[in-house]
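Read off the chains here:
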Amino acid sequence: MMTAIKESSTIQENKKIVQDCPVMYVMERIGGFWKPIILFNLSRREKIQRIEKAIPAVTEKMLIQHLKQLEADGLIIRTAKPVVPHM
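Residues numbered from 1 in each chain as written. Predicted model: local features only at pLDDT ≥ 70, side-chain atom pairs only at ≥ 80, totals over all residues. Heavy atoms only, no water.

A. Just the overall build of the protein, in detail. Assigned secondary structure in the protein consists of five helices and zero strands. Ordered by position in the sequence, the α and β elements of the protein form the string α-α-α-α-α. Each of the 87 residues in the protein was classed as buried or not, and the buried ones make up 16%. (Helix = DSSP H or I, 4+ residues; strand = E, 2+ residues; numbered from the N terminus. Buried < 20%, exposed > 50% of the residue type's maximum accessible area, 1.4 Å probe, protein only.)

B. Representation of the packing of aromatic side chains in the model. Inspection of the entire model under this criterion finds one aromatic pair. On the basis of an interplanar angle of 90 degrees and a centroid distance of 4.8 Å, the ring pair of F33 and W34 is categorised as edge-to-face. On the basis of relative accessible area, F33 is assigned to the exposed category, the value being 58%. Among the residues examined, W34 registers a relative accessible area of 18% and is labelled buried. (Phe/Tyr/Trp six-rings, centres within 6.5 Å; stacked < 30°, edge-to-face > 60°.)

C. The arrangement of the nonpolar core in detail. Counting residues in each nonpolar core, the largest one holds eight residues, listed as W34, I38, I51, I55, V58, L63, L70 and I76. Every element with two or more residues in this core is listed here: α3 (34-43) and α5 (60-72). If we ignore the near neighbours within four places in the chain, the residues touching I38 are I51, I55, L63, H66, L67 and L70. (Core = buried A, V, L, I, M, F, W, Y, C linked by side-chain atoms within 4.5 Å. Contact = heavy atoms within 4.5 Å.)

D. Highlighting the pattern of salt bridges. Considering all chains together, one arrives at two salt bridges under this definition. R29 is the partner of E28 in a salt bridge, and the nearest nitrogen-oxygen pair spans 3.2 Å. With a relative accessible area of 48%, E28 lands in the partly exposed category. Across the pair R29 and D73 runs a salt bridge, and its minimum N-O distance is 3.6 Å. Placement of the pair is R29 in helix α2 (residues 22-30) and D73 in the segment after α5, with a sequence separation of 44 residues. A relative accessible area of 33% means that D73 is categorised as partly exposed. A single salt-bridge network, built from bridges that share partners, covers E28, R29 and D73. (Salt bridge = Lys/Arg side-chain N within 4 Å of Asp/Glu carboxyl O.)

E. Structural detail: the side chain of H66. Within the secondary structure layout, H66 lies in helix α5. The residues touching H66, leaving out its near neighbours within four places in the chain, are W34, K35 and I38.

These figures capture arrangement, not role.
The following block contains the structure:
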């Protein structure tokens, strides 16, 4: 059986602050280690052909996960290419 959360609990108060604070909103979307690096490299799109090559230290799983989150948050738009570009 789950315990009911009091409306005056610290967790509930913190949620209200996060909803009202634009900085916290942005940090929820782009916080962490890889997302700022991914966004920076995507902003340099004309200089890179594949994001995997630009960030060799990130695992494929982590890259895919973060790209999906960024897309779901509306921060990036994914465009699928019909073929894999030649390196």
